[in-house]
Amino acid sequence: DLYSGSVSVNSCFEQLAAGTELVKWVLRIIGWFMMFFGCYGLFQPVLTFIQVVPFLGPFVAKLGGAVIWFLCGLGTLLISTVIVSFAHLFYHPKKALLLLSLILGVTCLVMFAGSLMNSGDSSAQA
C-alpha cells in the first residue's frame, strides 16, 4: 500500500505532484551545473595555453577565466531557457512563447550593444 488508511484520490495526486515537482527542480539544477561546467571545461585548454606566455600569461589567464566564466554562465542560462521553452511548447504554449520571445529580446539587446561598442571603436580609429 502506498497510503495507509482512507485517503481521497485528489489527496493522493496532490502528494505525488508535490514529490515530482521537487525532483523536477533538482534535476534542472543538476543539469544547469553540468552544462555550465562542461562549457567552462571546453575553454579550459585555452586558459592553460595562455598561462605559458611569460610575464603576462598568468594575469591574462585569470582575467580570461573570469570573462569565460561569465560568458559560460550567460550561455548556459540562455541555452537552458531555450530547452525548457521547447519542452513547454506542448503543454504550456503561451508560457513557452513568452520565454522564447524574452530570450530573443535579450539576445538582440546584447548584439545591439555589441554593435554599438564596435561602431564606437571604428569611429575613434578614423
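Residues numbered from 1 in each chain as written. Predicted model: local features only at pLDDT ≥ 70, side-chain atom pairs only at ≥ 80, totals over all residues. Heavy atoms only, no water.

J.: Got a sec to walk through the overall build of the protein? Specific residues and values, please.
T.: Secondary structure assignment for the protein yields three helices and zero strands. Here the C-alpha coordinates of the protein stretch approximately 80 × 35 × 15 Å along the principal axes. Of the contacts made within the protein by residues no fewer than 6 positions apart, 47% connect residues no fewer than 24 positions apart. For the protein, the exposed area adds up to about 10,100 Å²; of that, 77% sits on carbon and sulfur atoms. Positive and negative side-chain charges of the protein, numbering 5 and 4 respectively, have mean locations separated by a distance of 9 Å. (Helix = DSSP H or I, 4+ residues; strand = E, 2+ residues; numbered from the N terminus. Contact = heavy atoms within 4.5 Å. Areas by Shrake-Rupley, 256 points an atom, 1.4 Å probe, with all protein chains shown as cover. Lys, Arg positive; Asp, Glu negative; His and termini not counted. Charge placed at Lys NZ, Arg CZ, Asp CG, Glu CD.)

J.: Before we move on, can you summarise a nonpolar patch on the surface with the specific residues and values?
T.: On the surface, a nonpolar cluster with roughly 1,000 Å² of combined accessible area is contributed by Phe 55, Leu 56, Phe 59, Val 60, Leu 63, Val 67, Trp 69, Phe 70 and Leu 71. As for its position among the elements, Leu 71 is in helix H2 (residues 57-91). (Patch = residues over 30% accessible without salt bridge, like charges linked within 9 Å, V, L, I, M, F, W, Y side chains within 5 Å. Salt bridge = Lys/Arg side-chain N within 4 Å of Asp/Glu carboxyl O.)

J.: For H2, give the residues involved together with the corresponding values.
T.: For H2, with 35 residues, the first-to-last C-alpha span of 50 Å sits near the 51 Å given by 1.5 Å per residue. Of the residues making up H2, those classed as buried are Gly 57, Ala 61, Gly 64, Gly 65, Ile 68, Cys 72, Gly 73, Thr 76, Ser 80, Thr 81, Ser 85 and His 88. (Expected span 1.5 Å × (residues − 1). Buried < 20%, exposed > 50% of the residue type's maximum accessible area, 1.4 Å probe, protein only.)

J.: Summarise the pattern of salt bridges; cite the residues concerned and give the values.
T.: For the coordinates displayed, the defined rule picks out one salt bridge. The residue Lys 24 makes a salt bridge to Glu 21 at a minimum N-O spacing of 3.2 Å. With Lys 24 and Glu 21 both in helix H1 (residues 9-51) and three residues apart, this pair spans about one turn of that helix.

J.: Now, about the confidence of the model for the protein: what can you tell me, with residues and values included?
T.: Overall, the prediction assigns the protein a mean pLDDT of 84, with 92% of residues at 70 or greater. The element-level mean pLDDT for the protein is lowest in helix H3 (residues 93-125), coming to 82, with H1 highest at 87. (pLDDT = per-residue confidence, 0-100.)

J.: Could you give an account of the packing of aromatic side chains, naming the residues involved and the relevant values?
T.: If you walk through the whole model with that rule in mind, you get seven aromatic pairs. Ring centres of Phe 36 and Trp 69 lie 5.8 Å apart, and the angle between their planes is 85°; on these two criteria the pair is classed as edge-to-face. Pair noted here: Phe 36 is in helix H1 and Trp 69 is in helix H2, with a separation of 33 residues, a long-range link. Under the relative-accessibility criterion, Trp 69 is labelled exposed at 51%. Ring pairs connect the aromatic residues Trp 32, Phe 33, Phe 36, Phe 37, Tyr 40 and Trp 69, which therefore count as one cluster. Geometry around Trp 25 places Arg 28 over its ring, the cationic atom sitting 4.7 Å from the centre. (Phe/Tyr/Trp six-rings, centres within 6.5 Å; stacked < 30°, edge-to-face > 60°. Lys NZ or Arg CZ within 6 Å of the ring centre and 35° of its normal.)

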